[in-house]
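The residues making up each chain are set out below.
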Amino acid sequence: MKIGIIVHSKTGNTLQVAKKLKKNFIADGHLVNIEEIIAINDDEREPSKVRLTKVPIINEYDFLIFGAPVRGFALSPVMAFFMTQSSILHNKKVSCFVTQFFPFPWMGGKQAIEQMKSICVSKKLDLIETAIVNWSSIRRNKKINEAVEKLRRTV
Ligand SMILES: Cc1cc2nc3c(=O)[nH]c(=O)nc-3n(C[C@H](O)[C@H](O)[C@H](O)COP(=O)(O)O)c2cc1C
């Protein structure tokens, strides 16, 4: 299967999880690309005002994984903008994950995932699985491995 891991990552945490996921998918025999979303105004808080410098073409993938950081108890505006404006084919299979600094999912991770879920519903995407990685958790590595395994099983 051809898998696209679509990532917004400023300080590298989300990208680190994406790279681990990619390694696992390759071991499972899939074709995998990481596509980074980059914005000129990465700190913009209003999704509709985000301006992207790099817009990945994602229609060629059979399965999409979206990965993004939590910003201000919500999904990063850059990912919110990309997912909302992107002309993704209806019924495409997707999974989503977020990374957040705080140790508990209710401190932004859950809210960000809910946002991703509602974008998927509005785009008629088939959302298969979601995962949250809490970066400051003392069990961070375990959480990364659990998220990777969870997402890996969905493909
Ligand atoms: C402006 C801003 C707001 C943030 N808000 C939250 C938050 O509400 N909850 C949280 O747990 N982490 C928050 N974080 C931390 C990031 O979600 C976390 O460090 C994430 O793993 C960064 O991912 P990246 O390295 O891929 O950019 C925030 C970071 C920034 C820069």
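Residues numbered from 1 in each chain as written. Predicted model: local features only at pLDDT ≥ 70, side-chain atom pairs only at ≥ 80, totals over all residues. Heavy atoms only, no water.

Under an unreviewed UniProt entry, the protein has the name Flavodoxin/nitric oxide synthase and belongs to Petrocella atlantisensis.

Help me understand the site of the ligand in this model?
In the vicinity of the ligand there are 16 residues, among which Ser9, Thr11, Thr14, Val70 and Phe73 approach most closely. Separating an oxygen atom of the ligand from a backbone N or O atom of Lys10 is a distance of 2.7 Å. Between the ligand and the protein, one listed contact pairs an oxygen atom with a backbone N or O atom of Phe102 at 2.8 Å. When isolated, the ligand has an accessible area of 650 Å², and the protein chains bury 74% of it. Sorting the residues of the shell around the ligand by element identifies α1 (13-27), β5 (63-71) and β7 (93-100) as the ones contributing at least two each. Looking at the shell around the ligand, its residues break down into six nonpolar, eight polar and two charged. (Near = heavy atom within 4 Å. Polar contact = N/O pair within 3.5 Å; in protein donor to acceptor, adjacent residues only side chain to side chain. Areas by Shrake-Rupley, 256 points an atom, 1.4 Å probe, with all protein chains shown as cover. Helix = DSSP H or I, 4+ residues; strand = E, 2+ residues; numbered from the N terminus. Nonpolar A, V, L, I, M, F, W, Y, C, P; charged D, E, K, R; others polar.)

Hey, could you run me through the packing of helix α2 (residues 77-85) against helix α3 (residues 109-122) in this one?
How two helices pack is summed up by the angle between their axes together with the distance between the axes. Two elements in contact, α2 and α3, have axes separated by 10 Å at closest approach and are oriented at 10 degrees. Here α2 lies roughly parallel to α3, going by the angle between them. Taken together, the residues of α3 that come into contact with α2 (itself represented by Met79, Ala80, Met83 and Thr84) are Gln115, Met116, Ile119 and Cys120. (Axes fitted to C-alpha atoms, helices over the stretch in contact; angles between N-to-C directions. Parallel < 35°, antiparallel > 145°, perpendicular 65-115°, else oblique. Contact = heavy atoms within 4.5 Å.)

Honestly, the side chain of His8 in this entry has me stumped. Any pointers?
Note that His8 resides in the loop between β1 (2-7) and α1. A relative accessible area of 1% places His8 in the buried class. A polar atom in the side chain of His8 sits 2.8 Å from the side chain of Asp42. Setting aside its immediate chain neighbours within four residues, His8 contacts Thr14, Ile37, Asp42, Gly67, Ala68, Pro69, Arg71, Ser76, Val78 and Met79. (Buried < 20%, exposed > 50% of the residue type's maximum accessible area, 1.4 Å probe, protein only.)

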